[in-house]
Amino acid sequence: MTDAAKQPKRQSRRNHAYDSFTEHLLARDILPGQFISQRELVDITGMSLGAIRELVPRLEADGLITTVPQRGMQIAHIDLDLVRNAFQLRIFLELEAIKLFTTTASNALLVKLRQDHEEIIEAAKHDITTELLERAQNVDWAFHDCVIDSLENAIISSIYKVNSIKIRLIRQERFRLNENLLRTVMQDHLKIIDCLEERAPDKVVNALRQHLENARGRALGLGEM
């Protein structure tokens, strides 16, 4: 097999290793600030040592691990700098993306987004279970991902994906979607959807900005938990 023929296979292996790492990271099998060896990553992810060795430079470039001399690899530590930087990037990307989304999103998509959120709010009137919180969290992330992916820009989506991993780690460490936040987040999203349905870019941007600044405040310990 030629080197050119081997390249897609190598790329697929790298992507699989990356996805496996981030899944275990978000599942808290690997913790922020934890020191970890390549061998331990092999055991946790089930990937080969060769795949892990190829993965490490990408994780370093994405800021998900840092190599500490004489101590090994350390998973990204959640501190105030990371919170500020991650949310600043998120706000820049999402506010620009939603301007375009306001004009390009189909009516059918907006109907689906509204329905997803209203179903969560209706279910919450009866009982807020662990399953409902998980479902609400998925609706939350899917809404923001939808706005970014609507740009159909692979570079932006890739940058956003890495930053989104950091945002999710921050949320796990500093605040999680709970009974109090569920309704707040869903109502925030519905306000944004109201403005999207009006096709009013300025209103949409203001509503989204307030939503993201509220989330940043909670991450910094400035808002209601």
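See the structure printed just above.
Thresholds, definitions, all that
Residues numbered from 1 in each chain as written. Predicted model: local features only at pLDDT ≥ 70, side-chain atom pairs only at ≥ 80, totals over all residues. Heavy atoms only, no water. 1 Å grid on protein atoms, 1.4 Å probe; cavity = no way out; pocket = protein on both sides within 12 Å on 5 of 7 lines; lining within 4 Å. Points joined across faces, edges and corners; volume = space filled by probe spheres on them. Helix = DSSP H or I, 4+ residues; strand = E, 2+ residues; numbered from the N terminus. Nonpolar A, V, L, I, M, F, W, Y, C, P; charged D, E, K, R; others polar. Pairing = 2+ DSSP bridges.

Draft legend 1. Seen up close, the layout of surface pockets. One number sums up the size of the largest pocket: a volume of about 390 Å³. Elements represented by at least two residues in the lining of the largest pocket include exactly α6 (130-149) and α7 (154-174). For the lining of the largest pocket, a count of residues per class yields 5 nonpolar, 3 polar and 4 charged. Approximately 250 Å³ is the volume found for the second largest pocket. Together, 13 residues line the second largest pocket, and Asp145, Lys161, Ser164, Ile165 and Arg168 are the ones closest to its centre. Considering every element that reaches the lining of the second largest pocket, the biggest residue donor is α7, with 6 residues.

Draft legend 2. Up close: the pairing of strand β3 (residues 72-75). Here strand β1 (residues 35-36) pairs with β3 via 2 bridges, running antiparallel. Residue Phe35 lies in a different strand from β3, and its bridge partner there is Gln74. Bridge count between strand β2 (residues 65-68) and β3: 4 bridges; the pairing is antiparallel. Looking at β3, one finds that Thr66 is bridged to Gln74. The antiparallel pairing of β2 with β3 creates a hairpin that spans 3 residues between the two strands, and Gln70 there sits at a positive phi of about 70°.

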